[in-house]
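Architecture at a glance
Single-letter residue listing:
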Amino acid sequence: MKYYYLLILLIVFLASPLYAEPALYIGSAFESPVSTPDQRGIVDRLVIEAFSRIGAEAVITHLPAERSLLNTSQGINDGDLIRVAGLQYQYPDLVKVHEKLIDFEFVAFTRDAQSRIDNWGDLSHYSVGIVRGWKILEEKAAHSLLTQVDSLELLFTLLEKGRADLVIYERLAGIHAIQAMRMRGVYQLEPPLEVQPMYLYLHRAHRNLVDPLVSVLREMKQDGTFERIFADALATLNDGGSQ
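Now for a look at the structure at hand.

Rules of the game
- Residues numbered from 1 in each chain as written.
- Predicted model: local features only at pLDDT ≥ 70, side-chain atom pairs only at ≥ 80, totals over all residues.
- Heavy atoms only, no water.
- Axes fitted to C-alpha atoms, helices over the stretch in contact; angles between N-to-C directions.
- Helix = DSSP H or I, 4+ residues; strand = E, 2+ residues; numbered from the N terminus.
- Parallel < 35°, antiparallel > 145°, perpendicular 65-115°, else oblique.
- Left-handed = near helix turned anticlockwise from the far one by under 90°.
- Contact = heavy atoms within 4.5 Å.
- Nonpolar A, V, L, I, M, F, W, Y, C, P; charged D, E, K, R; others polar.
- Polar contact = N/O pair within 3.5 Å; in protein donor to acceptor, adjacent residues only side chain to side chain.
- 1 Å grid on protein atoms, 1.4 Å probe; cavity = no way out; pocket = protein on both sides within 12 Å on 5 of 7 lines; lining within 4 Å.
- Points joined across faces, edges and corners; volume = space filled by probe spheres on them.
- Salt bridge = Lys/Arg side-chain N within 4 Å of Asp/Glu carboxyl O.
- Buried < 20%, exposed > 50% of the residue type's maximum accessible area, 1.4 Å probe, protein only.

1. Considering the packing of helix 2 (residues 42-53) against helix 8 (residues 210-222)
The interhelical angle for the contact between helix 2 and helix 8, taken along N-to-C directions, is 120°, at an axis separation of 9 Å. Considering the angle they form, helix 2 stands oblique to helix 8. Note on packing geometry: the crossing formed by helix 2 with helix 8 is right-handed. Here Leu46, Glu49, Ala50, Phe51 and Arg53 of helix 2 lie close against helix 8, whose contacting residues are Leu213, Val216, Leu217, Glu219 and Met220. Along the lines of polarity and charge, the residues of the contact of helix 2 with helix 8 split into 7 nonpolar, no polar and 3 charged.

Right, dumping it as structure tokens:
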């Protein structure tokens with residue numbers, strides 16, 4: 001009989017929160033409304049929901065872009081948010097979750113309403129600011145007079161102080177930054193320089209989660225979860241999430 005009770009105690013112990021699987025820490029270098037420190041950004045919500053559907057807990061941690069990427073490559077973090085395709089070739093310890101999270105529109109912001117930028121090649125005529133760690137921007141803007149900074153606020157400060165003719169960033173977060181910093185006389189140039197699908201990457205130790213995450217991300221797109229989260233996050237932003 002005592003073995004029966006020991007078995008019951010073992011089952012209760014294994015099922016208790018104290019024995020629960022540890023949370024997975026997912027790095028993010030992005031800004032509102034895409035990702036926020038309180039984990040209420042668009043992609044934060046999508047990723048937390050996706051992990052929840054496969055029985056895991058995701059915690060979004062904010063770091064500078066370069067550090068966030070390196071932490072995941074080194075296994076300090078378990079994953080990294082919103083990166084372009086192909087990073088696994090440069091960082092072999094990363095594995096891509098092969099279902100996009102979001103499309104990013106990379107656009108130029110300037111104080112000169114007469115600026116005309118039709119493609120990446122046109123950047124060679126300007127001094128350009130980007131956030132350090134954005135690999136696509138480091139590559140595409142390499143032929144310009146390039147300045148790299150560590151945050152979105154510093155990026156738009158470059159523009160505000162006239163230390164860059166243009167800054168390149170993702171459209172939604174760039175617009176939010178302009179609002180939050182109460183900047184005036186900043187123009188968003190059209191068309192976007194590039195539209196890129198963005199992905200979640202995991203450290204190779206978690207490669208077993210790739211296929212389940214792909215499945216639930218597709219499920220979330222089909223059942224309306226993606227659309228609902230996007231609409232809710234943007235409504236929150238418009239109702240007072242920005243200054």
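2. Digging into the side chain of glutamate 194
Position of glutamate 194 relative to the elements: it lies in strand 10 (residues 194-203). Among the polar contacts made by the side chain of glutamate 194, one reaches the side chain of tryptophan 120 at a distance of 2.7 Å. For glutamate 194, the residues in contact, after removing those within four places along its chain, are Phe104, Glu105, Phe106, Trp120, Ile136 and Lys140.

3. Structural notes on the layout of surface pockets
By volume, the largest pocket is sized at about 320 Å³. Within the residue set of the lining of the largest pocket, elements represented by two or more residues are helix 6 (152-160) and helix 7 (171-180). No other element matches helix 7, which puts 4 residues into the lining of the largest pocket. Across the lining of the largest pocket, the residue classes break down as 13 nonpolar, 7 polar and 3 charged. Roughly 190 Å³ of internal volume is contained in the second largest pocket. Lining of the second largest pocket is provided by Glu21, Pro22, Leu24, Ile54, Gly55, Ala56, Glu57, His206, Asn208 and Leu209. Among the residues forming the lining of the second largest pocket, the class breakdown is 5 nonpolar, 3 polar and 2 charged.

4. Things to note about the pattern of salt bridges
The full count for this structure, using the stated rule, is 16 salt bridges. Across the pair lysine 221 and glutamate 99 runs a salt bridge whose closest N-O atoms are separated by 2.7 Å. Taken as a pair, lysine 221 in helix 8 and glutamate 99 in the loop between strand 4 (94-96) and strand 5 (102-110) lie far apart in primary sequence, 122 residues in all. On the basis of relative accessible area, lysine 221 is assigned to the partly exposed category, the value being 30%. The buried category is assigned to glutamate 99, whose relative accessible area is 15%. Within the structure, one salt-bridge network assembled from shared partners comprises Glu49, Arg53, Glu219 and Asp223.

5. What about the environment of leucine 101?
With respect to the helices, strands and loops of the structure, leucine 101 is situated in the loop between strand 4 and strand 5. We classify leucine 101 as buried; its relative accessible area is 2%. Sequence-wise, leucine 101 and arginine 218 are 117 residues apart; in three dimensions their C-alpha atoms are separated by 9.9 Å. Apart from the residues lying within four places of it in its own chain, the contact partners of leucine 101 are Val43, Leu46, Val47, Leu81, Ile82, Met198, Tyr199, Leu200, Leu217, Phe226 and Phe230.

6. Digging into empty space enclosed by the protein
Counted under the stated rule, the structure contains 1 cavity of 30 Å³ or more. By volume, the largest cavity amounts to about 80 Å³. Around the largest cavity sit Phe30, Ile82, Arg83, Val84, Leu87, Phe106, Gly133, Trp134, Lys135, Ile136 and Met198, which together line it. Of the residues in the lining of the largest cavity, the class split is 8 nonpolar, 1 polar and 2 charged.

Taken by themselves, the reported measurements are silent on function.
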